[in-house]
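Understanding the architecture of this molecule
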Amino acid sequence: MSAHYPVARPRRLRRDPALRRMVAGTRLHAADLILPMFAKEGITEPQPVASMPGVVQHTRDSLRKAAHDAAAAGVGGIILFGIPAVKDARGSAADDPDGVLQVALRDVVAEVGDSIVVMADTCLDEFTDNGHCGILTPSGDVDNDLTLERYASIAVAQAEAGSQMVAPSGMMDGQVGVIRAALDAAGHGNVPILAYTAKYASAFYGPFRDAAECAPQFGDRSTHQQDPAGPLEDALRELRLDLAEGADAVMVKPALAYLDVIARFRAEADVPVAAYQVSGEYAMIEAAAANGWVDRERMIMESLVAIKRAGADLILTYWATEVARRL
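Scoring rules and cut-offs
Residues numbered from 1 in each chain as written. Predicted model: local features only at pLDDT ≥ 70, side-chain atom pairs only at ≥ 80, totals over all residues. Heavy atoms only, no water. Helix = DSSP H or I, 4+ residues; strand = E, 2+ residues; numbered from the N terminus. Rg over C-alpha atoms; globule rule 2.2 N^0.38 Å. Buried < 20%, exposed > 50% of the residue type's maximum accessible area, 1.4 Å probe, protein only. Contact = heavy atoms within 4.5 Å. Areas by Shrake-Rupley, 256 points an atom, 1.4 Å probe, with all protein chains shown as cover. Lys, Arg positive; Asp, Glu negative; His and termini not counted. Charge placed at Lys NZ, Arg CZ, Asp CG, Glu CD. UniProt positions renumbered as here; feature names shortened; annotations may be inferred. Polar contact = N/O pair within 3.5 Å; in protein donor to acceptor, adjacent residues only side chain to side chain. Salt bridge = Lys/Arg side-chain N within 4 Å of Asp/Glu carboxyl O. Core = buried A, V, L, I, M, F, W, Y, C linked by side-chain atoms within 4.5 Å.

Attention now goes to the overall build of the protein. When helices and strands are tallied, the protein shows eleven helices and ten strands. Here the C-alpha radius of gyration of the protein, 20 Å, is about what a compact globule of 327 residues would show, namely 20 Å. Along the three orthogonal principal directions, the C-alpha set of the protein runs to about 70 × 45 × 40 Å. A buried classification covers 52% of the 327 residues belonging to the protein. In the protein, 74% of the contacts between residues at least 6 apart in sequence involve partners at least 24 apart. For the protein, the accessible surface area stands at approximately 14,500 Å², while carbon and sulfur atoms represent 53% of it. Averaging the coordinates of the 31 positive side-chain charges in the protein and doing the same for the 44 negative ones gives two points 13 Å apart.

The next thing to look at is the UniProt feature "active site" (unreviewed entry) in the protein. The feature "active site" (unreviewed entry), as annotated in UniProt, sits at Lys199 and Lys253 in this numbering. Sequence-wise these annotated residues cover 55 residues; spatially they are packed, their C-alpha atoms never more than 4.8 Å apart. With respect to the helices, strands and loops of the structure, Lys199 is situated in strand β7 (residues 194–199). For Lys199, a relative accessible area of 5% puts it in the buried group. If near-sequence neighbours (up to four positions away) are discounted, Lys199 is found in contact with Ser169, Met171, Tyr205, Gln225, Gln226 and Lys253. Of note is the side chain of Lys199, whose polar atom sits 3.0 Å from the backbone oxygen of Ser169. Locating Lys253 in the fold gives a position in strand β8 (residues 249–253).

Under the criterion given, the structure shown has 17 salt bridges. A salt bridge links Glu322 to Arg296; the shortest N-O distance between them is 2.8 Å. Remark: Arg296 occurs in helix α10 (residues 296–310) and Glu322 occurs in helix α11 (residues 320–326); sequence separation between them is 26 residues. When its relative accessible area of 27% is taken as the criterion, Glu322 is described as partly exposed. Each of Arg60, Asp61, Arg64 and Asp107 takes part in one network of salt bridges that share partners.

The subject of this paragraph is the nonpolar core. Core analysis: the largest hydrophobic core is formed by 103 residues, its most contacted members being Phe38, Leu80, Tyr151, Leu183, Ile262, Phe265 and Tyr276. By residue number, the principal contributor to this core is helix α4 (residues 144–160), which donates seven residues. If near-sequence neighbours (up to four positions away) are discounted, Leu80 is found in contact with Met37, Leu63, Leu101, Ala104, Leu105, Val108, Val118, Met119, Ala120 and Asp121.

Below, the structure written as structure tokens:
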């Protein structure tokens, strides 16, 4: 400190909105935001998600409109999740060229072109009849290497449908490297990979599983997602591995409960760092606001600023379009 009270008075720079705005160290931009959206096969009207007020499972028409609105608001990206009408043990619909996610990708790219980055979640849990993220062994465990073969095929199908980025979320060992090799071999070397690098086995995902209809039919995902009580070094090891395998950007999920992980990723990574403000974070604020317990808009903005301040370059949030308009 160069001075002490009464000479030093930190409140001087807080005394009015213009001063506070001028010296703000953390700034949100619409282009930092990525909107997750759910495309459901076989419905004729958008289906509200009860545990996520304001979020719907989209029809083809409503998805196109929501994509257009996000692009018009200046949102940086959209990430699509698909919910097929028919599921099986290997998630066959996930890489079907005419499957719900590939159709959604083509629709959205046709609607918004390159005015917003259109990306896809690259996983199996929405497509398997058991709700797990991969191919199961006879004993019910997820077979890592067989699952990687499926991820490679899915990523190529998504790229061929127009996805401008793929986002493997299954937390399989080696997933980034296998997907990178598959994309390159199929002529999609320019499609970047946003890796779900530190994805925790979190209770904050509950409402998402309603929206994506992907709750595991038995067991859980603790054998591949990270332990919330695990050492930070586990996340940093995953970071180093994903970077070595060619990840173009890395993600921490969830966001608010893992700000320390976001900060360490930002300090160590030489690629963009994303954070996913997940369904549980969204639902808690919406529920508290609906009960009149909190100021909804202030809570939304404060939570996003905290994630940004921790070091996230990109934030996946269900409020992306709303917040982009406000910004």
